[in-house]
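Geometric and topological summary
The lines below spell out each chain.
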There are 2 protein chains.
Amino acid sequence: MDVARSELFETGTPVACASCQARHGVVCGALSNGQLRELNRHSLRRKVEAGCEIIAQGSESSFYSNIMRGVVKLCKMMQDGRQQIVGLQFAPDFVGRPFVRESTLSAEAATDAEICVFPRNLIDRMISETPELQRRLHDQALKELDAAREWMLTLGRRTAGEKVASLLYLIATHAEPQTATSTAFDLPLSRAEIADFLGMTIETVSRQMTRLRKSGVIRIENFRHIIVPDMDELERMISA
Amino acid sequence: MDVARSELFETGTPVACASCQARHGVVCGALSNGQLRELNRHSLRRKVEAGCEIIAQGSESSFYSNIMRGVVKLCKMMQDGRQQIVGLQFAPDFVGRPFVRESTLSAEAATDAEICVFPRNLIDRMISETPELQRRLHDQALKELDAAREWMLTLGRRTAGEKVASLLYLIATHAEPQTATSTAFDLPLSRAEIADFLGMTIETVSRQMTRLRKSGVIRIENFRHIIVPDMDELERMISA
DNA sequence: CGGTGTATTGATTTCTTTCAACTAAAGTGG
DNA sequence: CCACTTTAGTTGAAAGAAATCAATACACCG
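Bear in mind that the values here come from a model prediction, so they are computed numbers and not experimental data. Note that residues are indexed from 1 along each chain, following the sequence as it is written. Numbering of ligands from 1 and lettering of chains from A proceed in the order in which they are written. Confidence filtering applies because this is a predicted model: local features only for residues at pLDDT of at least 70, side-chain atom pairs given and counted only at 80 or more, and all residues used for totals across whole chains, interfaces and linings. Note that water and hydrogens are dropped before the side-chain values are worked out from all heavy atoms of the structure.

Things to note about the sheet that holds strand 6 (residues 94–95) of chain A
Selection rule: Pairing between strands requires that DSSP locate at least two bridges from one strand to the other. A run of H or I in DSSP becomes a helix once it reaches four residues, and a run of E becomes a strand once it reaches two; helices and strands are each numbered from the N terminus.
Taken in spatial order, the 4 strands line up as 1-8-3-6 (chain A) in an open sheet, and their pairing is antiparallel. Whereas interior strands pair on both sides, the edge strands pair on one side only; in this sheet they are strand 1 (44–48) and strand 6 of chain A.

Some details on the side chain of Gln-35 of chain B
All names here are of chain B. The following threshold applies: Residue exposure (1.4 Å probe, protein chains only): buried if accessible area is under 20% of the type maximum, exposed if over 50%, otherwise partly exposed. Any pair of N or O atoms that falls within 3.5 Å is considered a polar contact. Within protein, one atom must be able to donate a hydrogen and the other to accept it, and sequence-neighbouring residues count only if both atoms are side-chain atoms. In this analysis, two residues are considered to be in contact whenever any of their non-hydrogen atoms come within 4.5 Å of each other.
Following the sequence through the fold, Gln-35 ends up in helix 3 (residues 33–42). Looking at Gln-35, the relative accessible area reads 16%, which means it is buried. Here the side chain of Gln-35 touches Thr-130 through a polar contact of 2.8 Å, side chain to side chain. Ignoring sequence-local partners within four residues, the contact set of Gln-35 consists of Ala-30, Met-126 and Thr-130.

Regarding the relation of the copies chain B and chain A
Selection rule: The fit set for superposing copies consists of C-alpha atoms from residues with pLDDT of at least 70 in both; the fit itself is least squares.
Once chain B is rotated about the relating axis by 180° and shifted along it by 0.0 Å, it coincides with chain A to within an RMSD of 0.0 Å. The relationship between the two copies is best expressed as a two-fold rotation axis. Comparing contact sets, 100% of the residues at the interface of chain B also lie at the interface in chain A, consistent with an isologous, same-surface contact.

Structural notes on the packing of aromatic side chains
All names here are of chain A. The criterion, for reference: Aromatic rings from Phe, Tyr and Trp, with only the six-membered ring used for Trp, were paired whenever their centres fell within 6.5 Å, and each pair was classed as stacked if the ring planes differed by under 30 degrees, edge-to-face if by over 60, and tilted otherwise.
Here the structure, examined in full by the defined rule, presents 4 aromatic pairs over all chains. Relative to Phe-94, the ring of Tyr-64 lies with its centre 5.2 Å away and its plane at 45°, an arrangement referred to as tilted. In this pair, Tyr-64 is assigned in strand 3 (residues 63–69) and Phe-94 in strand 6, connecting sequence segments 30 residues apart. Note on Tyr-64: relative accessible area 0%, which makes it buried. Each ring, one from Trp-151 and one from Phe-197, has its centre 4.6 Å from the other, and the planes form 25°; the classification is stacked. Placement of Trp-151 in helix 5 (residues 131–157) and of Phe-197 in helix 7 (residues 191–198) is noted, with a sequence separation of 46 residues between them.

Description of the protein's contact with DNA strand D
Here is the rule we go by: Working definition: residue near molecule or strand if any one of its non-hydrogen atoms lies within 4 Å of it.
As a matter of local geometry, DNA strand D sits amid 18 residues, with Thr-204 and Arg-207 of chain A together with Arg-191, Ser-206 and Thr-210 of chain B nearest to it. At a separation of 2.8 Å, a base oxygen of DNA strand D approaches a polar side-chain atom of Arg-207 of chain A. Measuring from a base nitrogen of DNA strand D, one finds a side-chain N or O atom of Arg-207 of chain B at 3.0 Å. For the surface near DNA strand D, the secondary-structure elements that each account for two or more residues are helix 8 (202–214) of chain A together with helix 8 (202–214) of chain B. Ranked by residue count, the leading element in the surface near DNA strand D is helix 8 of chain B, at 5 residues.

A few points about the protein's contact with DNA strand C
Where we set the bar: Here the term charged refers only to Asp, Glu, Lys and Arg, the term nonpolar to Ala, Val, Leu, Ile, Met, Phe, Trp, Tyr, Cys and Pro, and the term polar to all other amino acids, Gly among them.
Taken together, 16 residues are adjacent to DNA strand C, and Arg-191, Ser-206 and Thr-210 of chain A together with Thr-204 and Arg-207 of chain B come closest. Restricting the count to atoms of DNA strand C within 4 Å of the protein gives a sugar and phosphate share of 63%. Arg-207 of chain A places a polar side-chain atom, nitrogen or oxygen, 2.9 Å from a base nitrogen of DNA strand C. At 3.3 Å, a side-chain N or O of Thr-201 of chain B approaches a phosphate oxygen of DNA strand C. Contributing elements (two or more residues each) for the surface near DNA strand C: helix 8 of chain A together with helix 8 of chain B. When its residues are assigned to classes, the surface near DNA strand C shows 3 nonpolar, 7 polar and 6 charged.

In structure tokens, the structure reads:
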């Protein structure tokens, strides 16, 4: 069937969605073609630069997003400026907090990214009408909860060295290009952001990176590019 | 209508549930009388002593629970024995991890407690049949996620003194008996457990408690009983 | 080619942990 | 009922890890 025609007659999958990598993600994968078409009519694809704030802490946000490309960090900030990154989200994760309008955290693009923005009202309606969507969002929330608790263990009980190794491991296992054992990736975070994620200072992060480099566990090219010759070796540095 | 008769004819609310404080909680509040009766037939009320493990880390659990009374701690343990408490749950919270059988954490009664145990299969079926139940559990998961992230900020960025104040504040706001401004409560956690929650040692916890006591923010009776003359004062120690 | 932002490295200080002694309450058994 | 042991908590002194302060190196950019 002709795609343009199917679009015209409003049957089948919208063109924009057909080749979308989030088509079968948490949100869109739960929707019927009809819902997908409706959502598509009201959604907006947007490019955001690294550092751009998607949701501000304390603000009322009237939209949700799907991450299409790039990495988004979730941050909590104290009045005196101390900051803690409380989550990292990768494509094609869903970003937003159902049931509560005011955000208790900020969402900011860590890298250049692309997001697909949905009106809050529409998604809220679809959630209430579509048990499968509710189920998938519930499942994602529980996975984020697992991740948050895993990170609590890291923050509370691991040493600086173990913390850095944990973060590198986390990013390595979420980044694409990896061969059998060796893995290479670009850090989506600056040293300052790493420090904010691990609850330490940039100096300590730097020292621990140097330690890992000198002990041969990682190689660093150009500050941001990391090569892990042996992932098992890195894993051993975490002492799970 | 006669209660015994309604039970006999299997209409209306089960007797055991009628006066249950969790009747309108996350799980039971979402169920029809029919579902409530079915759940009631297969559920079991159980007393658990402080220290008793309800779910073991790494095990497959075939049940969920409602906390009826007492406090339950969620812990993650490393092989070398380091431990981190990643959540506290109070009556009438729901305990369990839908969608995944193997538990990545242990649940242990922090105080003497009473729980209502539900078969996992039955609840899973009810979740899939009852959008309202799914919604409520989704909502609870998101609230736990908010709490976990709030705690990540505490673990990563607050000082020892702020950490202890944060915990006392958390417990105070979840414990019942409070007057206008002043609040008194029994700590559901030992010093060792507080340390495991805050990612520090019992000695440091003790020192910080002493500091709060000497500065007049709290009074301590019999180690476990805490009196907070002025909650605003305690809140100021957290430097949100 | 200086200038700016980011990262590394070094010296010193601070905070928390570790090690150790001590106290108080609770349980045990003669 | 009273020694005695056990457990939980507090306090002190010393050691250690990470933060802070300060200087320097490195890339990127106009």
